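# Inside the fold
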Amino acid sequence: FDACKADGVAIQGGTLVVSGDGRYHNKAAIQVIVKMAVANGVKTIWIGQEGLLSTPAASAVIRNREGGFVPFGGFILSASHNPGGLDEDFGIKFNCENGGPAPEKVTEAMFANTKAIKEYKICKGIPEIDIMKPGSYVIADKIHVEVFDCTEDHVNLLSKVFDFDAIKKLIARKDFSMVYDSMNGVQGPYAKKVLVEVLGAPESCLMNAVPKEDFGGPNSPSHGHADPNLTHAVELVKKMGTNKTGEKVGDPAGVPEFGAAADGDADRNMILGKQWFVSPSDSLAIIAANAGCIPFFKGGLKGCARSMPTSGALDLVAKKKKIPVFVTPTGWKFFGNLMDSGDEKYFPNTPVYTPFLCGEESFGTGSNHVREKDGMWAVLAWLQILASKNKDESKPFVSVEEITKAHWKEYGRNYYCRYDYEGVDSGKANEMMEGLKAKCGELKGKEMKGMTVKTAVNFEYKDPVDESVSSNQGINIIFTDGSRIVFRLSGTGSAGATIRLYLEKYEKSSGDLDKSQFEVVKPLAELALELSDLPALTGRSSPTVIT
């Protein structure tokens, strides 16, 4: 509150959104935040029923509820895909009046305040609010608290983005079946509302659709780790007939045609077909290539973006379709400026890039309908694509696998893999990164294992909209054949450091497109470990997670 006031945010008499992903301590924290908000002059507080709002839904509420842009911001109580529970993670994020994550100048001010804070304001006389059912409350004749159905604003918005009637027809096909794993996170109510109540899917398609404070806990198949990837979404992966490396296993009979999963706060997604895994980088590119079937993009895309570690598959689509494409640091806030470019309120006299599509390799995809990545949006985008490819029920069903392979035949394939080294000693991780930075200048033109280095840089991003500069965003090594090795320290872990190693090799459309991505990038992995001294510095001979 102090940082926002110092930045000129209209807190006095303003409206605030407070909700989260349902993890342990959220309900108690909401009551504390209400008391502190009132003490700081907030007049109206909006809370999702049961204290629930997915991260994209919170953005939708800020941007659309009661005509739109009423709140000055919102607190999202979430630690994203990290585990929840008494001994696990709890987090708080602040989103601004545009529905997007607070910019660095605000978060830096908040951090500075944590080192100097001497007092805080709280109104202890505020009674506990019943957040378990919708209702309106007036306190002391001047403070208004509204508890509302957590799904309504997001679902209403999505109904304007997609052709729900076409998706209904897809779901009604006798040869179509699907399953959606909410991983006991906040997505459960949204999945039931959208897929079952609105689109007509059977309730049996929902997996782990009841939000739990520990996301199922350590004894669940996912071990309470609501992270939608091949490693943690164990039940879904098995049901879709693949293993933890995305390879086909078992008999395809009875396997659903479509499967998806969400993380704890429902901003991430994983897409699968019958015995088929779609990598996040490929998913982004395929949605971009087929964007015309989505009503929101009927006028054509005017811009797209990916994070630097994400594969270059999107770039190939953008080049062919003559769409501006941007490569940003990791973090959704960097996409926000591109979405708001040309808006008279934020960035007048700058180019307009909306309708806009963007994504990250870390299972995040979305568009400018909100200012967050959106797991449900990605699932509906794929269902819309499937609906567009399967209009004639008399013809054989066009599968997720066939759509993916057709895309590779047109654009080529970016073989891609990410190795995560979690819980690494922070000092050793930083030592490794500093060593790589020092080597960048001498790598250009060097030949290693039959490949020649084209460029090697410590990635720096100059925002084309506000011209701010973000440095030290990862080591990006590009070879003359288009292959890449990227090293980056992740900021989303909660213990020690996480080193992420990204490996990419491009195969033209005329080449061999059916190899295992893990086998294709293995020589790059060997070179990366040799170049970085990672095993010697960290004591890690193998990654914790491979995706």
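All figures in this text were calculated on a predicted structure; none of them were measured in a lab. (Residues numbered from 1 in each chain as written. Predicted model: local features only at pLDDT ≥ 70, side-chain atom pairs only at ≥ 80, totals over all residues. Heavy atoms only, no water.)

## Comments concerning the overall build of the protein
Within the protein, the secondary structure is distributed over 16 helices and 24 strands. In terms of overall dimensions, the protein is globule-like: its C-alpha atoms have a radius of gyration of 23 Å, near the 24 Å expected for 547 residues. When the backbone C-alpha atoms are referred to their principal axes, the protein occupies close to 75 × 60 × 55 Å. The buried share of the protein, reckoned over its 547 residues, is 57%. (Helix = DSSP H or I, 4+ residues; strand = E, 2+ residues; numbered from the N terminus. Rg over C-alpha atoms; globule rule 2.2 N^0.38 Å. Buried < 20%, exposed > 50% of the residue type's maximum accessible area, 1.4 Å probe, protein only.)

## Quick notes on the sheet that holds strand β13 (residues 325-328)
Here four strands make up an open sheet; going across it, the order is β13-β12-β14-β15 and the pairing mixed. With partners counted over all chains shown, the strands left at the sheet margins are β13 and β15 (364-367), one partner each. Mean inter-strand twist for the sheet, computed between neighbouring axes without regard to direction, equals 15 degrees. Pairing geometry for strand β14 (residues 356-360) and β15, over four bridges, is antiparallel. By the bridge assignment for β15, L357 is matched with S367. (Pairing = 2+ DSSP bridges. Axes fitted to C-alpha atoms, helices over the stretch in contact; angles between N-to-C directions.)

## Some details on the pairing of strand β1 (residues 15-20)
The buried fraction of β1 is high, at six of six residues. Of the two faces of β1, the one lined by T15, V17 and S19 and the one lined by L16, V18 and G20 are each fully buried. In the sheet, β1 pairs with strand β2 (residues 44-48) via three bridges, with the strands oriented parallel. Looking at β2, one finds that L16 is bridged to I45.

## Section: the domain arrangement of the protein
Taken domain by domain, the protein consists of domain 1 (1-151), domain 2 (154-411) and domain 3 (413-546). A C-alpha centroid distance of 37 Å is found between domain 1 and domain 3. (Domains from an automatic or database assignment.)

## Topic: the environment of V379
With respect to the helices and strands, the residue V379 is situated in helix α12 (residues 375-389). Here V379 is in contact with Y180, F258, A260 and I271, once residues within four sequence places are set aside. (Contact = heavy atoms within 4.5 Å.)

## Concerning the pairing of strand β23 (residues 497-507)
The buried fraction of β23 amounts to eight of the 11 residues, a majority that puts the element mostly inside the structure. Bridging between strand β16 (residues 413-424) and β23 involves 10 bridges; their strand directions are antiparallel. By the bridge assignment, Y419 is partnered in β23 with L501. Alignment of strand β22 (residues 484-490) against β23, held across seven bridges, turns out to be antiparallel. From the neighbouring strand, R488 faces β23, where its bridge partner is R500.

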